[in-house]
Amino acid sequence: MNPQPEQRARPEPQELTERLVALATAPAPRSTVSAEAAIRAGRTRQVRRRLAVLGAVTAVAVATGGVVAALPEARHPAPAATDTAAGPATDPLVVPATFGWLPDVLEGVSYQSGNGPNGLGFARASGKPVPGPDMTREGLGLWLQVYQPGQVPVVGPTSAGQLQYQVPAAPVNGEPAYWLAPSPDSPTGADTFRWQAADGRWVELTVDKPEWFTQSQHDQVVAVLPRIAAGVRVADQALPLPFRITGLSQRLRPVQQETTWNEHWADVQAWRGSFDFRVAGTQDVIGVTVGPEPYYPGSDPGQVPNSPTEVSSCLRGNGLRLCADSQQGLAAFAPVGGVQAFLQKVQLLGIDPEGWTADVLAG
Amino acid sequence: MARTDRDTEFTEFVASRAGWLRSVAYLLCGDWHWADDLVQECITKLYTHWGRASRAENLDGYARRVLVNTFLAERRSGWGRWVARLRGEPGPELDHPVEPTDLDAALDLRQALAALPPRQRATVVLRYYCDLSVEQTAEALDCSAGNVKSQTSRGLGALRRQLDDSLAVLPEGSAG
């Protein structure tokens, strides 16, 4: 028996402050904090802030990744996705998997293209938000992620140090599956389910419960994870979007590695999407944000930017509002003929997903 | 990007305070990479509101409040919790090797802090690391002094249980 860990687990009295200081000053990875990046992002945010009228929109940049779009569908959240094939991409929202069947408790679905924090694709189904402490509103979350080809997910402790074990489960569509559970003998207490897709990639579903939710609500979703897994379609798919940009396919490239992650869970019907396009031959990026008019993005197209380097403009139609901006300012729009010329090439396709397109950069 | 006086002033502030903010962020979230994200988001918010922030009587306190609110907001959001969860899986790449005994001791407290609800954790960090009074903590968290006291009491109780019932701290109210 090694006495050292036992001694460490019994800190001397009155030492909380000293131990906090010791923890905060322990060796750490190099910091990635950048004042320059904050200035760039801050300038962009100042533009976007002036677009918002409802004041209920929160944009939180939390990681490098892809593009997030919260889609309004509840039970059939993947409207006629198109499998990607060889050739130039025209859709900024290409995802590795889409939800199929979902229980009634999950009402909204969002997808993100590009890579998440661990290089994984992302999707989230969310439950009806309910009030919590501090005037917050949140619902159950169900995360879907697809591992890279050849990547085997790790079975290890949680970030909080809780041990997890691989507990075998019935195959999903004939492929191996297992629970990630706190006990090696039973799936009881598990909140993560993994299985291997037909193409060999591992796929994972995890239930995420707000702190004030009861365990039973969490368990109801966990119980049907195998059924949800069976309905997940694993394939790289271009999700239809509610707008089309014509005549600029040679000038713009969908960006799938730079991100704006958007949060808007106060109302799952209040969806929105944020998409970036790089201007060919430059490092400039044009951002497009779109959503139903009553919700987001609210804007006054006549608003004047604070400085000549900030620019934004919006378009309304068919129940949608779309705003374009660039932190590089007016110069970013020059190769596409300017802001107004850019917006004239945008067609808004309405709020019914049946009318949306995966051929976003058309012609 | 053209540098302005505002940018210069902001950059100097970040250069002098980023390390301190990062330490506070790490105690709040328990993950250095997430701490970087929290500080990055915090200073971006500060830049966005720099006109007001730079005139604040206590800019450090203003920045700390923005940081704590950013942390609490991300904990409330699904994306933020998920990113934290994922980031807890890989081990950090450290600049210097760490003695196992130090690492174990640090992990004890880190895990005990991680087990606290976010507002309790924020309360403990503000009071016992940032050395704020009950009233100052209440202002930072935008809640009542009574709420701070109850959150502190519960947080310390949970820490004691997590750390084998032997972590003694000053009685409630004496740190103010």
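For every chain, the first residue of the written sequence is number 1, and numbering continues from 1 along that sequence. Here every chain gets a letter starting at A, and every ligand a number starting at 1, in the order they are written. In view of the model being predicted, local features appear only for residues whose pLDDT reaches at least 70, and side-chain atom pairs are presented and counted only at 80 or more, with totals across whole chains, interfaces and linings using the full set of residues. With hydrogens and water stripped out, all remaining heavy atoms of the structure feed into the side-chain values.

Colleague: I would appreciate a short explanation of the overall build of chain B in the present structure.
Modeller: Regarding its fold elements, chain B presents nine helices and zero strands. Of the regular secondary structure in chain B, the N- to C-terminal order runs α-α-α-α-α-α-α-α-α. Across chain B, the fraction of contacts at a sequence separation of at least 24, relative to all contacts at a separation of at least 6, is 65%. What sets the accessible areas is the Shrake-Rupley method with a 1.4 Å probe; for residues, cover comes only from the shown protein chains. Approximately 7600 Å² of chain B is accessible, and the part contributed by carbon and sulfur atoms is 47%. Here a helix means four or more residues in a row that DSSP labels H or I, a strand means two or more in a row labelled E, and each is numbered from the N terminus. Contacts are assigned to residue pairs with any non-hydrogen atoms lying within 4.5 Å of each other.

Colleague: How should I be thinking about the pairing of strand S18 (residues 273–279) of chain A in this particular structure?
Modeller: Note on strand geometry: in a regular strand, side chains alternate between the two faces of the sheet. All names here are of chain A. Buried residues are those whose accessible area, probed at 1.4 Å on protein chains only, stays under 20% of the maximum for their type, while exposed residues exceed 50% and partly exposed ones sit between those limits. Here S18 lies mainly inside the structure; seven of its seven residues are buried. In S18, alternate side chains face the same way, and those of Gly273, Phe275, Phe277 and Val279 on one face and Ser274, Asp276 and Arg278 on the other are all buried. Two strands pair if DSSP finds at least two bridges between them. Of the pairings in the sheet, the one linking strand S16 (residues 252–254) to S18 comprises three bridges and is antiparallel in character. Bridge pairing in S18 links Pro254 to Phe277. The pairing of S18 with strand S19 (residues 285–292) spans six bridges and is antiparallel.

Colleague: Help me understand the environment of Val203 of chain A in this model?
Modeller: All names here are of chain A. Within the fold, Val203 resides in strand S13 (residues 202–208). Taking relative accessible area as the criterion, Val203 reaches 0% and is therefore assigned buried. In this view, Val203 contacts Leu144, Gln145, Val146, Phe193, Arg194, Trp195, Ala197 and Val234; residues no more than four positions away in its chain are not counted.

Colleague: Explain the environment of Leu144 of chain A here, please?
Modeller: Residues and elements named next belong to chain A. Looking at the element boundaries, Leu144 is found in strand S9 (residues 141–146). Leu144 gets classed as buried once you look at its relative accessible area, which sits at 2%. Separated by 85 residues in sequence, Leu144 and Ala229 have C-alpha atoms that sit 9.2 Å apart.

Colleague: Looking at this model, I keep getting lost on the pattern of salt bridges. Mind explaining?
Modeller: Oppositely charged side chains can form a pair if their charged atoms are brought close together. Whenever Lys or Arg places a side-chain nitrogen within 4 Å of a carboxyl oxygen from Asp or Glu, that contact is recorded as a salt bridge. Applying the stated criterion across every chain, the model contains five salt bridges over all chains. Linking Arg201 of chain A and Asp199 of chain A is a salt bridge whose minimum nitrogen-to-oxygen distance equals 2.9 Å. Its salt-bridge partner being Arg17 of chain B, residue Asp60 of chain B comes within 2.7 Å of it at the nearest N-O pair. Within this pair, whereas Asp60 of chain B is found in helix H4 (residues 59–76), its partner Arg17 of chain B is found in helix H1 (residues 5–29), the two being separated by 43 residues in sequence. Salt bridges here are not isolated pairs; linked through shared partners, they connect Asp199, Arg201 and Asp236 of chain A.

Colleague: Help me understand helix H2 (residues 32–48) of chain B, please; the structure alone is not making it clear to me.
Modeller: Given 3.6 residues per turn, any residue in an α-helix points the same way as the ones three and four places further on. Residue and element names in this part refer to chain B. Each residue after the first adds 1.5 Å to the expected span of a helix. Given a rise of 1.5 Å per residue, 17 residues ought to cover 24 Å, and the 24 Å separating the end C-alpha atoms of H2 matches this to within 8%. For H2, the buried fraction is high: 15 of the 17 residues fall into the buried class. N or O atoms closer than or at 3.5 Å make up a polar contact, with two conditions inside protein: a donor-capable atom paired with an acceptor-capable one, and, for residues adjacent in sequence, both atoms drawn from side chains. With a side-chain oxygen lying 3.0 Å from the backbone nitrogen of His33, the N-terminal cap of H2 falls on Asp31.

Colleague: I'm lost on the state of the cysteines in this one. Help?
Modeller: By definition, a disulfide links two cysteine residues through a covalent bond between their sulfur atoms. Residue and element names in this part refer to chain A. Note that a disulfide, as used here, is simply two cysteine sulfur atoms within 2.5 Å. This model, assessed by the stated rule, comprises one disulfide over all chains. Note that Cys314 is cross-linked by a disulfide to Cys323, the S-S spacing being 2.0 Å. Measuring the twist about the S-S bond at about 105°, one finds the Cys314-Cys323 disulfide to be right-handed.

Colleague: Where do I start with the confidence of the model for chain B in this structure?
Modeller: Detailed reading of predicted coordinates is not advised where the pLDDT is low. All names here are of chain B. When pLDDT is averaged along chain B, the result is 75, and 72% of the positions lie at 70 or above. A score between 0 and 100, pLDDT records how confident the predictor is in each residue. The weakest mean pLDDT in chain B belongs to helix H5 (residues 78–87) at 50; the strongest belongs to H1 at 92. For the stretch residues 86–103, pLDDT sits under 50, and the model shows 28 contacts to residues farther than four places along the chain or on other chains. Within the model, pLDDT remains below 50 along residues 168–176, and this stretch shows 20 contacts once partners closer than five positions in the same chain are excluded. Overall fold confidence for the complex sits at a pTM of 0.56, while the interface term, ipTM, reaches 0.81.

Colleague: Would you mind showing me how to read the packing of helix H8 (residues 134–141) of chain B against helix H9 (residues 145–162) of chain B here?
Modeller: A pair of packed helices is captured by two measures, namely the crossing angle of their axes and the spacing between those axes. Residue and element names in this part refer to chain B. Where helices are involved, their axes are fitted lines through C-alpha atoms of the stretch in contact, as for all axes, and angles between N-to-C directions lie from 0 to 180°. Two elements in contact, H8 and H9, have axes separated by 8 Å at closest approach and are oriented at 100°. Judged by the angle between their axes, H8 and H9 are roughly perpendicular. Contacts between H8 and H9 involve Val134, Thr137 and Ala138 from the former and Ala145, Val148 and Lys149 from the latter. For the contact of H8 with H9, the per-class residue count stands at four nonpolar, one polar and one charged. To sort the angles, those under 35 degrees are grouped as roughly parallel, those over 145 as roughly antiparallel, those from 65 to 115 as roughly perpendicular, and the leftovers as oblique. Gly is placed with the polar residues, together with every amino acid not listed as nonpolar (Ala, Val, Leu, Ile, Met, Phe, Trp, Tyr, Cys and Pro) or charged (Asp, Glu, Lys and Arg).

Colleague: It is not clear to me how the nonpolar core should be interpreted in this structure. Could you clarify?
Modeller: One recurring pattern in soluble globular proteins: nonpolar side chains tend to sit buried together. With 59 residues, the main nonpolar core has Phe99, Leu142, Trp195, Leu225, Phe243 and Phe342 of chain A as its most contacted residues. Residues in contact with Phe342 of chain A, not counting those within four places in the same chain, are Ile245, Leu248, Leu252, Ile286, Val288, Ala324, Phe333 and Val336 of chain A. What we call a nonpolar core is a set of buried Ala, Val, Leu, Ile, Met, Phe, Trp, Tyr and Cys residues that are connected through their side-chain atoms within 4.5 Å. In this structure, Leu27, Ala63, Ala122 and Leu132 of chain B belong to the second largest nonpolar core, which totals 56 residues.

Colleague: Quick question: what am I supposed to make of the sheet that holds strand S22 (residues 346–348) of chain A here?
Modeller: Residue and element names in this part refer to chain A. The three strands are arranged S22-S15-S23 in an open sheet whose pairing can be described as mixed. Taken across any chain shown, the strands that pair with only one partner, and hence form the sheet edges, are S22 and strand S23 (361–362). The sheet contact formed by strand S15 (residues 243–246) and S23 spans two bridges and is parallel. By the bridge assignment for S23, Ile245 is matched with Leu361.

Colleague: Just to check I follow, could you spell out the environment of Tyr128 of chain B for this structure?
Modeller: Residues and elements named next belong to chain B. With respect to the helices and strands, the residue Tyr128 is situated in helix H7 (residues 118–128). Residue classification places Tyr128 among the buried residues on the basis of a relative accessible area of 5%. Distance from Tyr128 to Thr152, taken between C-alpha atoms, is 9.7 Å for residues 24 residues apart in sequence.

Colleague: What is the right way to look at the packing of aromatic side chains in this model?
Modeller: Think of a pair of aromatic rings as described by two things: how far the centres are apart, and how the planes are tilted against each other in angle. Residue and element names in this part refer to chain A. Working definition: a ring pair exists when centres of Phe, Tyr or Trp rings (six-membered ring for Trp) sit within 6.5 Å. Plane angles under 30 degrees give stacked, over 60 give edge-to-face, the rest tilted. The tally for this structure, following the rule as stated, stands at ten aromatic pairs over all chains. Their ring planes at 50° and their centres at 5.7 Å tell us that Phe243 and Phe275 sit as a pair that is tilted. With Phe243 in strand S15 and Phe275 in strand S18, this pair connects stretches of sequence that are 32 residues apart. For Phe275, a relative accessible area of 1% translates into the label buried.

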